[in-house]
Amino acid sequence: MSEKTINGQTVDVDAEGYLVDHTQWTEGIAGEIAGELDIALTDDHWKVINFLRKEYGDNGNIPTLRKIGKQSGVDMKGLYTLFPDGPVKKAARIAGLPKPKSCV
Amino acid sequence: MADTTYEPIKKVSIIISKGSLDGIYPGLIMANGARMEGIEAMVFFTFFGLEAIIKKKMNGIKVATVGNPGMHMPTILGAIPGMSAFATTMMKKEMDKLDIPPVDEFIEMLDASGAEIYACKAAMDMFHYTEADLTGEVKEILTIGDFYEKSAGAQIIFT
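Definitions and limits used
- Residues numbered from 1 in each chain as written.
- Chains lettered and ligands numbered in written order.
- Predicted model: local features only at pLDDT ≥ 70, side-chain atom pairs only at ≥ 80, totals over all residues.
- Helix = DSSP H or I, 4+ residues; strand = E, 2+ residues; numbered from the N terminus.
- Rg over C-alpha atoms; globule rule 2.2 N^0.38 Å.
- Contact = placed C-beta atoms within 7 Å.
- Buried ≥ 20, exposed ≤ 12 C-beta atoms within 10 Å, placed from the backbone.
- Pairing = 2+ DSSP bridges.
- Right-handed = clockwise from strand over helix to strand, strands pointing away.
- Axes fitted to C-alpha atoms, helices over the stretch in contact; angles between N-to-C directions.
- Core = buried A, V, L, I, M, F, W, Y, C linked by C-beta atoms within 7 Å.
- Nonpolar A, V, L, I, M, F, W, Y, C, P; charged D, E, K, R; others polar.

1. Regarding the overall build of chain A
Here is step 1: Counting secondary structure elements, chain A contains five helices and two strands.
Here is step 2: In chain A, the succession of α and β elements from N to C terminus is β-β-α-α-α-α-α.
Here is step 3: Relative to the globule expectation of 13 Å for 104 residues, the C-alpha radius of gyration of chain A, 13 Å, shows essentially globular dimensions.
Here is step 4: Reported as C-alpha extents along the three principal axes, the dimensions of chain A are approximately 35 × 25 × 20 Å.
Here is step 5: Pairs at least 24 apart in sequence give 48% of the contacts found in chain A among residues at least 6 apart.

2. Some details on the pairing of strand 1 (residues 11-16) of chain B
Residue and element names in this part refer to chain B.
Here is step 1: Taken across its six residues, strand 1 has five buried, putting it largely inside the fold.
Here is step 2: As paired strands, strand 1 and strand 2 (residues 40-45) are joined by six bridges and run parallel to one another. Counterpart to Val 12 in the pairing with strand 2 is Ala 41.
Here is step 3: The parallel pair strand 1 and strand 2, bridged by helix 1 (residues 21-36), forms a crossover whose chirality is right-handed.
Here is step 4: Here four bridges tie strand 1 to strand 5 (residues 155-158), and the two strands are oriented parallel to one another. From the neighbouring strand, Ile 14 faces strand 5, where its bridge partner is Ile 157.

3. Some points on the sheet that holds strand 1 of chain B
Residue and element names in this part refer to chain B.
Here is step 1: The sheet built from five strands is open, its strands ordered 4-3-2-1-5 with parallel pairing. In this open sheet, the two edge strands, each paired with only one partner strand, are strand 4 (138-142) and strand 5. Direction aside, the axes of adjacent strands within the sheet are offset by 25° on average.
Here is step 2: Packing against the sheet, helix 1 makes contact with strand 1, strand 2 and strand 5, and its axis sits at approximately 165° to strand 1.

4. Regarding the nonpolar core
Here is step 1: Membership of the largest hydrophobic core comes to 59 residues, with the highest contact counts inside it found for Ala91(A), Ala41(B), Val43(B), Phe45(B), Ile53(B), Leu110(B) and Ala119(B).
Here is step 2: With six residues, the top contributor of residues to this core is helix 1 of chain B.
Here is step 3: Discounting residues that sit within four places of it in the chain, Phe45(B) has contacts with Ile16(B), Leu50(B), Ala52(B), Ile53(B), Ala119(B) and Cys120(B).

5. Concerning the interface of chain A and chain B
Here is step 1: Counting residues at the interface gives 13 residues for chain A, matched by 14 residues for chain B.
Here is step 2: Those elements that provide at least two residues to the side of chain A that touches chain B are helix 3 (65-71), helix 4 (76-82) and helix 5 (87-94) of chain A.
Here is step 3: Class assignment of the residues belonging to the side of chain A that touches chain B gives a composition of seven nonpolar, two polar and four charged.

Given below as structure tokens:
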């Protein structure tokens, strides 16, 4: 674990850049992490980010890719377009959540 | 430990050759998992594995209860009518808990993820299937030669 200043705020991140404490997250932080991943956030990105944060808040879990594709308002193809090379991992990192543990 | 850094895997070429539920799912999960990590993936369905992409068969895939030591079930019990269906129902329930989709949806998911789905020509000929029998996500029917060509740069995984 280390400290990092993102968007003018000091937050705790793990070795792979995931926020350790999701309550430290702000929308500004999301934009800056997305920038690090070469992603410019659009409304569709926000649909996914908000869905992940809501699910995590409700169940303490990051939903599976299948569930995100069915319930976030962005379909599977869209998810791979919005978050290339790692839809769940990248979306979770931008949403200030831990690294996803599910295999599917 | 030798101080070696290895190149990350960039592409996998997965062969699914078995037609039971326990023969098909590992390959599907590995292909999907590769895409989720940003690794290119192609899946080649051959022999009985072909049934996973045959429209009329893909959702009737069952767990093998005979000749499957992993089941820890004596052969004579595994052979009882209905046993395979029962084991299949149980396993599907467990998979559902993990949000693992049925075969047809899994193939759709792979296609949407950018994974490429291929059918084996020899297996198609052997079981007398035609292109019309294949699910729409199948990109092409390949000879073994084509398969190796398409697998250029990939790690080939046989399941």
